[in-house]
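# Architecture at a glance
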4 protein chains.
Amino acid sequence: MTQQPIRFGLIGTGRIGQVHAASIAASPNAALAWVADPFVDGANALAERYGATATADATELIAAGTGAAPQIDAVLIASPTPTHVDLIEASVRAGLPVLCEKPIDLDIARVDALRPLVAELGVPVALGFNRRFDPNHASARARVAAGEIGALEQLIIISRDPAAPPADYIAVSGGIFRDMTIHDFDMARFFAPDIVSVSATGTRAFDPGAREHGDFDTAVVTLETSAGAVITIVNSRHSAVGYDQRIEAFGSGGMLQVGNPLSNTVSVSTAAAVEARPAYPEFFLERYAAAYAAELEEFVKLARGEASTSPTFEDGRAALVLADAAQRSAVEGVAVAVAL
Amino acid sequence: MTQQPIRFGLIGTGRIGQVHAASIAASPNAALAWVADPFVDGANALAERYGATATADATELIAAGTGAAPQIDAVLIASPTPTHVDLIEASVRAGLPVLCEKPIDLDIARVDALRPLVAELGVPVALGFNRRFDPNHASARARVAAGEIGALEQLIIISRDPAAPPADYIAVSGGIFRDMTIHDFDMARFFAPDIVSVSATGTRAFDPGAREHGDFDTAVVTLETSAGAVITIVNSRHSAVGYDQRIEAFGSGGMLQVGNPLSNTVSVSTAAAVEARPAYPEFFLERYAAAYAAELEEFVKLARGEASTSPTFEDGRAALVLADAAQRSAVEGVAVAVAL
Amino acid sequence: MTQQPIRFGLIGTGRIGQVHAASIAASPNAALAWVADPFVDGANALAERYGATATADATELIAAGTGAAPQIDAVLIASPTPTHVDLIEASVRAGLPVLCEKPIDLDIARVDALRPLVAELGVPVALGFNRRFDPNHASARARVAAGEIGALEQLIIISRDPAAPPADYIAVSGGIFRDMTIHDFDMARFFAPDIVSVSATGTRAFDPGAREHGDFDTAVVTLETSAGAVITIVNSRHSAVGYDQRIEAFGSGGMLQVGNPLSNTVSVSTAAAVEARPAYPEFFLERYAAAYAAELEEFVKLARGEASTSPTFEDGRAALVLADAAQRSAVEGVAVAVAL
Amino acid sequence: MTQQPIRFGLIGTGRIGQVHAASIAASPNAALAWVADPFVDGANALAERYGATATADATELIAAGTGAAPQIDAVLIASPTPTHVDLIEASVRAGLPVLCEKPIDLDIARVDALRPLVAELGVPVALGFNRRFDPNHASARARVAAGEIGALEQLIIISRDPAAPPADYIAVSGGIFRDMTIHDFDMARFFAPDIVSVSATGTRAFDPGAREHGDFDTAVVTLETSAGAVITIVNSRHSAVGYDQRIEAFGSGGMLQVGNPLSNTVSVSTAAAVEARPAYPEFFLERYAAAYAAELEEFVKLARGEASTSPTFEDGRAALVLADAAQRSAVEGVAVAVAL
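Note that the structure is predicted; figures quoted are calculated from it, not measured. (Residues numbered from 1 in each chain as written. Chains lettered and ligands numbered in written order. Predicted model: local features only at pLDDT ≥ 70, side-chain atom pairs only at ≥ 80, totals over all residues. Heavy atoms only, no water.)

### What about the packing of aromatic side chains?
We apply this condition: Only the six-membered ring of Trp is used, alongside the rings of Phe and Tyr, when aromatic pairs are assigned; centres must lie within 6.5 Å, and planes under 30 degrees apart are stacked while those over 60 apart are edge-to-face, with the rest tilted. Any Lys NZ or Arg CZ that is within 6 Å of a ring centre and within 35 degrees of that ring's normal is treated as a charge sitting over the ring.
Inspection of the entire model under this criterion finds 24 aromatic pairs over all chains. Aromatic ring contacts, followed pair by pair, group Y243, F283, F284 and Y288 of chain A into a single cluster. Its end group placed over the ring of F250 of chain A, R160 of chain B keeps NZ or CZ at 3.8 Å from the ring centre.

### Topic: the interface of chain D and chain B
What counts is decided by this rule: Whether two residues touch is decided by their heavy atoms; if any such pair falls within 4.5 Å, the residues are in contact. Two parts placed together each lose some accessible area; with a 1.4 Å probe, that loss summed over both constitutes the buried area. By definition, a salt bridge exists where a carboxyl oxygen of Asp or Glu is found within 4 Å of a side-chain nitrogen of Lys or Arg. Between N or O atoms, a polar contact is any pair within 3.5 Å; within protein, one atom must be a potential hydrogen donor and the other a potential acceptor, and residues adjacent in sequence are included only when both atoms are from side chains.
Contact with chain D, which involves 14 residues of that partner, is made by 14 residues of chain B. Taking both sides of the interface into account, the surface hidden between chain D and chain B amounts to around 1,200 Å²; carbon and sulfur atoms contribute 56%. The largest per-residue losses of area from chain D upon contact with chain B belong to V274, E275 and R277 of chain D, which jointly make up 38% of the total buried on that side. For the pair chain D and chain B, the number of links is zero salt bridges. On the surface where chain D and chain B come into contact, there are six residue pairs in polar contact (both at pLDDT 80 or more).

### Remarks on the UniProt feature "domain: Gfo/Idh/MocA-like oxidoreductase N-terminal" (unreviewed entry) in chain A
The test is simple: UniProt positions are given in the numbering used here, feature names are shortened, and annotations may be inferred rather than shown by experiment. Each helix corresponds to a stretch of at least 4 residues labelled H or I by DSSP, and each strand to a stretch of at least 2 residues labelled E; elements are numbered beginning at the N terminus.
Within the UniProt annotation, "domain: Gfo/Idh/MocA-like oxidoreductase N-terminal" (unreviewed entry) is assigned to residues 6-129 of chain A. What you have in residues 6-129 of chain A is 43% helix and 21% strand, and the ends, taken at the C-alpha atoms, are 20 Å apart.

### Quick word on the relation of the copies chain B and chain A
The cut-off we apply is this: All copies are superposed by least squares; the fitting set is the C-alpha atoms of residues with a pLDDT of at least 70 in both.
Once chain B is rotated about the relating axis by 180° and shifted along it by 0.0 Å, it coincides with chain A to within an RMSD of 0.1 Å. Both copies are brought into coincidence by an operation consistent with a two-fold rotation axis. By C-alpha distance to the rotation axis, the residue of chain B lying nearest is V334 of chain B, at 2.2 Å. The fraction of interface residues of chain B whose copies in chain A are also interface residues reaches 100%, indicating that both copies meet through the same surface.

### Some thoughts on the UniProt feature "domain: GFO/IDH/MocA-like oxidoreductase" (unreviewed entry) in chain A
UniProt's entry tags residues 138-256 of chain A with the feature "domain: GFO/IDH/MocA-like oxidoreductase" (unreviewed entry), counted in the numbering of this structure. The span residues 138-256 of chain A is 29% helix and 37% strand, and its two end C-alpha atoms sit 12 Å from each other.

### Details of the pattern of salt bridges
This is how the line gets drawn: When a residue's accessible area, from a 1.4 Å probe over protein chains only, is under 20% of the maximum for its type it is buried; when over 50% it is exposed; and in between it is partly exposed.
Taken as a whole and judged by the stated rule, the model has 84 salt bridges over all chains. For the salt bridge of R160 of chain A with E248 of chain B, the shortest nitrogen-to-oxygen distance reads 2.8 Å. With one member in each of two chains, R160 of chain A in strand β7 (residues 152-160) and E248 of chain B in strand β11 (residues 244-251) form a pair that bridges those chains. Here R160 of chain A and E248 of chain B have matching classes, each one buried. What you see here is one network of salt bridges that share partners, running through R132, D186, R189 and D315 of chain A.

In structure tokens:
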């Protein structure tokens, strides 16, 4: 491959921004060229580490991708959610392909306002639904698509975070469905995109923060597809057993199950219990490390105009529509029809 | 133990009646004394095999439990559902403890009409929710009750039959929730009795019989408890992998999972796949063989006035209330509050 | 089947004798007619429980199988090992088929002395190698025989008892190879009968009784077959994890593994460890309960002159030859050639 | 860490040399400075890729580590086995720490001839027993060392290569024990270093190359430790199920088992078989990828004079002594005492 690496402008240098910076640095197909963060120390640190240019101003970063001698080829948005819509707009107006962390926005109206422009300009916009690139989930999905279990009839997605976030975070999160389940909505659509109905139940079983801010800490969402398949998402904001991310795909001819990876392959047996395995990965950075790298490679293809499986702006919007429907369903006790 | 065996009058000699006859014969605490079935050849065959008296008339069987020299001590009702209410009534009026197959009836009005009499007379009535006695489910429930996983927050019950019943059966079954999910409603209550809300989704994914008769072949039910726990039931009328009966109990301190038993402990590895296990049991008679025997022993205790964990008439009614609520929820697209 | 049940004379009423008595009583094809034990209280107790005739004298029992109106059709020998040879001889001279507990004797000379008579008379003699009838081992062996893994090249038999026997027992046991490994030698021959060489290593890792009496508590035996397959037996006199009985059959096309059965299908996950299973069965009575019943049914066929897979006197002799060779190999540090 | 990276001179650019080159390049603590291979195209290719200096002459490479301005700090020997002894000698005489692939040599006499010099000079020499650094094996060994299963009494090492090497390779390999089992001997000593006796059985079950050259394709080795623990190594030159590398450590208080890693966490269930997992890794490059990286890091510590767990020249010699003993045992049919 004699192609030049894609030069990235990275906006946002928090935890997830740092993950992306490392992925970019590790890829032979990508290079980190600019880093922007209003918290300029963060930008400087990353820029120094990877030999990039730092700025406090994302606008400056995007501008560096324009003109006679552009210094970046694509933008990776890892800044706080409320900034996403404006940064996507500025990037695509500058002709720069975008990889944006989920969600696009907590407000579907803002997403829908941006939608025509994205469609019209045709500049690639990918959403950071990294789980699609997890080798385990991806293998199961490919095998379903290949017909290994016949027609898909049921999908069960179990998704539990290790511990509830602080109450302050809950307050601005948009609620469990827009903040946490959003990944599971996309995973549901990864297996069965044509969802027509949403039914959700949420409770406050343990988290004072959820109670304080009218959110749920425990939730189950049922999705119906146009073909009559039923998808079940089971969420909890905490999990004593570690990050719990499993999928069961049940079809007319068999069943595929995605288990949690284990820290290692050792099991222990004693008088009390046998064949006990070591703990699950602590959280998403460990569990989805390979997924972040694969996500980046797939976006590079998208940015180059090659065939790519990157989830798109439309996928980002669809997940938010499902989250809104789930929120309404859980609060009002009704099934909500959706047209994605 | 010097107690005399409980002498049973068995009503109904179909598949499940024969299972109970065999359990009675195998138990040192039970004996089969009378057998009734309008299909008198069936009654005669069982009676001859186990040394009992046969009749075509269940009334005669119940009468044999009265008078100066009663010949039976308890009634086991394994006849078709529409006969259950009348037979329970006749039995308790005769002072005979009853073990009745589920459901009590498909019509909650008939159940509620019988309810005061059962309560007033105080003659024991047990319902045939055999799965409570499965050693696997029972072990999980005991460990939850013992606090091994802290407070129960989520319960997932996966319950799939091997193959859809004939369309003729679907027509009179009362629908998937009253016919099949009823076992899962009871299992839900076995772990968390205090259910306050029901939400259900049903689809027709594959079964022409379900389509023809307005029933569902695929269903997911979400139950909420007063403590904020959420229970998810996943049903299918068919399963290419065999009878699929699993439970996941998720609590604040850990998780217990009940897997399907395997035909044996052999696994095979080849170039194509590794550690493959032999098929699951074909259906309930194999899977729940031990459960039927344990159910009978527990009912014997109930009939003797000893402490017993047999599910009761009230448990039978509660499962039906949940089934009715699920049916309404699935059809109307609303969450349905219940007071059990 | 309109055949009369085989009427058994049972000699020996210890633990294993009681297991066989229960199997006989539970089988529709067998009946317990006579019981003999010099400890006559034991004989009386069993006889009363199952409606048999008791005697202190095994000779009287065998005599009851002769004459114009014989009262037994077969003899089951569950008495102490030193009595086996004489009782087999008396039984076959009386024309009575024999099922004898292993080993035939601790002294190969005595076995070889009896051998011509058994061959000449042709009265069936079966050895109690019950593990052949375990559904797990039997399934693996049938699949190997069916060619599922191609040519068998390696077999690993792991066999560990829960706890070392008392030193007094060790003293008269004939040593670990004749007492414990004997079952594994037969299992080896169940998969690959044609063994040509034996190599054994024994140590005293933990048991004072083994040290005191010059026995081993830990042993590994390597067997070579004429086709170049290698069989490994791993033994321990104790196991903190419970009775440990596993087999791995490795062939040119794949691998079959027989795991330990679990008490139930529940697994538990916590922060410390995940997917932990409940303990293994405590000892052979639980683990091999089904095997004892199947062993009896197969012997009934043998006694009736039908096709039967019961291991024979020759199998019993072969296992002892291997045990002797292992003992010599472990003591002298040489590989020992055998001709079975 | 402000330390300078260790500058490596790599000798040998075959498959394993390339693995080490990649590990060096990926480590922040290592740099590839020189590459030597008589096949100079290989040296040039690697040197160009990683910015190193190439030579056909290993002597030149070692010389580059001496003088006023040394260009390398350590030597990594990945050339053919017959060159190892001379290259180790030259390196340690030059004062350069060495990481040498196993085995040191096929001839213990040559190893013993070098031994005093290595001991006298005290320049660190590490052996490439990479499996010690596999996270799975290492975790099990650490847990054994921490006393989790009490005293170690039995160790079973199953080690099967995917396919037999060509007959030409067999001819010069030194035989299965020196070529393949050598890794397992070191693994045995990783868990229990003090081995006193070796017993081995080898057969030719399938490989014409083994037959042709008097080698074995199937082998079992039994090792005895001074404490009476027994170690069993089970080898095959082929495995239809892929690279098979498992360990079972059995102790007085429990058991630890190291399973094969799986390609991913997906399992499939159908009517034919359930819970089947995807294939094992194909061979050592996949299975032990993490181990090679960890091995390098540990050697860097050794080269810097820090505490290190790298296996040493003595470990390399001990493995060869055990291999020689196994070869003699298998051929002569005797147990061979060893003093390591």
